[in-house]
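Letter by letter, the chains look like this.
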Amino acid sequence: MILILGGTGEARELASRVPAVSSLAGRVSSPRLPVGEVRIGGFGGVDGLAQWLRDNDVSAVVDATHPFARQITSNAFEACSQLGVPFLILRRPGFTPQPGWHWVDSVADAARDLPGARVFLTTGRQDLAEFAACPQWFLARMVEPPEPPMPQRIEVLLSRGPFTVDGELELMRSREIDVLVTKDSGGSMTSAKLEAARRLGVPVVIVRRPPLPPAETVADVDGAVSWLGTVGA
């Protein structure tokens, strides 16, 4: 059995091309489901994942989670290393750096020295608490409603991509946005905001990706399919 750690467009595409079980974290109430068998929820850390791999006779694991899903990637690498199960990381390339971008190592760093007065925040609801003490006005876009703590001055916009450049231009103009805060997630579904910021001259604070474990990595689904062929999965 092949296990795909999913939740991304790449994971869904891979599941449509190879027979596999897809695992989703369960943080979104109505996720976009891939084809094939799906399990939802955590594994219980490294030991729980290792036991699940043994119990289900998993022959290979492809981690196609979000580039910022650091914990599951670390756990999967460790569990597969313990069992000798072939492990691959599928990560889309990050955004191409542009002039006017200020890179930071974490969301906390972004909140610590945040410029501007009206912030377009697209780092996700789990990071909203980092900005709770910030005095700026925030437009925070996310898929699911957030829970406190959060900034006192905030408009929450529930929406799911893909987004268009024209739509992002209209949104940022209407809210008089003067700084964009986002993550280096890469991909086309959310890149329109960066082009809109460039056109409007809005500075971008962008969070670097966390480091990956020393595992084999590919940048696209074709690479993952080829790798699965080489390991006989």
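Each remark here, short or long, concerns the structure printed above.
Predicted model only: the values in this text are computed from it and were never measured. (Residues numbered from 1 in each chain as written. Predicted model: local features only at pLDDT ≥ 70, side-chain atom pairs only at ≥ 80, totals over all residues. Heavy atoms only, no water.)

**As for the overall build of the chain**
Put simply, the test is: Helix and strand assignments follow DSSP, with helices taken as H or I runs no shorter than four residues and strands as E runs no shorter than two, numbered in order from the N terminus. Two things to know: the radius of gyration comes from C-alpha atoms, and the globule rule equals 2.2 Å times the number of residues to the power 0.38. The contact definition used throughout considers only heavy atoms, calling two residues in contact when any of these lie within 4.5 Å. Charge assignment in this entry is limited to Lys and Arg as positive and Asp and Glu as negative, and neither His nor the chain termini are counted. By convention, charge coordinates are those of NZ in Lys, CZ in Arg, CG in Asp, or CD in Glu.
Counting secondary structure elements, the chain contains seven helices and 12 strands. A compact globule built from 233 residues would reach a C-alpha radius of gyration of about 17 Å, and the chain, at 19 Å, matches this within 12%. Partitioning the intrachain contacts of the chain with sequence separation of at least 6 by distance along the chain shows that 63% fall at a separation of at least 24. Between the averaged position of the 23 positive side-chain charges in the chain and that of its 26 negative side-chain charges there is a distance of 4 Å.

**Some points on the packing of aromatic side chains**
Condition: Pairs were defined over the aromatic rings of Phe, Tyr and Trp, the Trp ring being its six-membered one, requiring ring centres within 6.5 Å. Orientation was assigned from the angle between planes: stacked under 30 degrees, edge-to-face over 60, tilted for the rest. Only protein chains enter the area calculation, which uses a 1.4 Å probe; residues under 20% of their type maximum are buried, those over 50% are exposed, and those in between are partly exposed.
Within this structure, the stated rule accounts for four aromatic pairs. An angle of 70° between the planes, with centres 5.6 Å apart, marks the rings of Phe43 and Trp52 as edge-to-face. Of the two residues, Phe43 and Trp52, neither departs from the other in class, the shared state being buried. Ring centres of Trp101 and Trp103 lie 5.8 Å apart, and the angle between their planes is 55°; this geometry places the pair in the tilted category. The buried category is assigned to Trp101, whose relative accessible area is 14%.

**Some words on unusual backbone geometry**
Across the junction of Pro148 and Pro149, the peptide omega takes the value 5°, indicating a cis bond. Here Pro149 is to be found in the loop between strand S8 (137-142) and strand S9 (154-158). Here the phi dihedral of Asp57 falls at roughly 50°; this positive angle occurs in a residue that is not glycine. By the element assignment, Asp57 lies in the loop between helix H2 (45-55) and strand S4 (60-63). On the basis of relative accessible area, Asp57 is assigned to the exposed category, the value being 61%.

**Regarding the sheet that holds S8**
Two pairing modes exist for strands in a sheet, parallel and antiparallel, and in both the strands are linked by backbone hydrogen bonds. Applicable threshold: A pair of strands is considered paired only if DSSP assigns at least 2 bridges between the two. Comment: axis = line fitted to C-alpha atoms, over the contacting stretch for helices; angle = value between 0 and 180 degrees taken between N-to-C directions.
With parallel pairing, the six strands of this open sheet are ordered in space as S6-S11-S10-S7-S8-S9. Strand pairing shows two members of the sheet lacking a second neighbour, strand S6 (101-104) and S9, which therefore form its edges. Across the sheet, the axes of successive neighbouring strands diverge by a mean angle of 20°, strand direction being ignored. By the bridge criterion, three bridges tie strand S7 (residues 118-121) to strand S10 (residues 179-183) in an arrangement that is parallel. Pairing of Leu121 across the sheet is with Val181, part of S10. The strands touched by helix H6 (residues 192-200) are S6, S7, S8, S10 and strand S11 (204-207); relative to S10, the strand with the most contacts, the crossing angle is about 155°.

**Considerations on the packing of H2 against helix H3 (residues 70-83)**
The test is simple: Angles below 35 degrees are treated as roughly parallel, those above 145 as roughly antiparallel, those between 65 and 115 as roughly perpendicular, and all remaining angles as oblique. Whether a crossing is left-handed or right-handed is set by the direction in which the near helix is turned from the far one by less than a right angle, anticlockwise for left-handed and clockwise for right-handed. Under the scheme applied, nonpolar residues are Ala, Val, Leu, Ile, Met, Phe, Trp, Tyr, Cys and Pro; charged residues are Asp, Glu, Lys and Arg; polar residues are all the others, including Gly.
Across the interface, H2 lies against H3 with an axial gap of 9 Å and an inter-helix angle of 50°. Taken together, the axis directions place H2 and H3 in an arrangement best described as oblique. Taken as a pair, H2 and H3 cross one another with a handedness that is right-handed. Residues Gly45, Val46, Leu49, Ala50, Leu53 and Arg54 of H2 touch H3, and the partners they reach there are Asn75, Ala76, Glu78, Ala79, Cys80, Gln82 and Leu83. The residue makeup of the contact of H2 with H3, split by class, is eight nonpolar, three polar and two charged.

**Concerning the environment of Pro145**
Mapped onto the elements of the fold, Pro145 is located in the loop between S8 and S9. Among the residues examined, Pro145 registers a relative accessible area of 48% and is labelled partly exposed. In sequence terms Pro145 and Arg125 are 20 residues apart; their C-alpha atoms lie 7.5 Å from each other. The residues touching Pro145, leaving out its near neighbours within four places in the chain, are Arg125 and Leu158.

**Quick notes on H2**
Stated formally: Read the arc as the range of directions from the helix axis to the C-beta atoms.
Among the residues of H2, those classed as buried are Val46, Leu49, Ala50, Trp52 and Leu53. Down the axis of H2, the buried side of the element spans an arc of 160°, and every buried residue falls inside it. Among the exposed residues of H2, those oriented more than 90 degrees off its buried face are Asp47 and Asp55. Following H2 by one or two positions, Asp57 has its phi on the positive side, about 50°.

**Observations regarding the pairing of S4**
Note the threshold: The handedness rule is simple: strands pointing away from the viewer, and a clockwise path from the first strand over the helix to the second, make the crossover right-handed.
Of the two faces of S4, the one carrying Ala60 and Val62 and the one carrying Val61 and Asp63 are both buried. Pairing of strand S1 (residues 2-5) with S4, which is carried by four bridges, proceeds in the parallel orientation. Bridged to Leu5 within S4 is Asp63. Pairing analysis gives three bridges linking S4 to strand S5 (residues 87-90), with the strands arranged parallel. Counted as the bridge partner of Asp63 is Ile89 from S5. The β-α-β motif built from S4, the intervening H3 and the parallel element S5 has right-handed crossover chirality.

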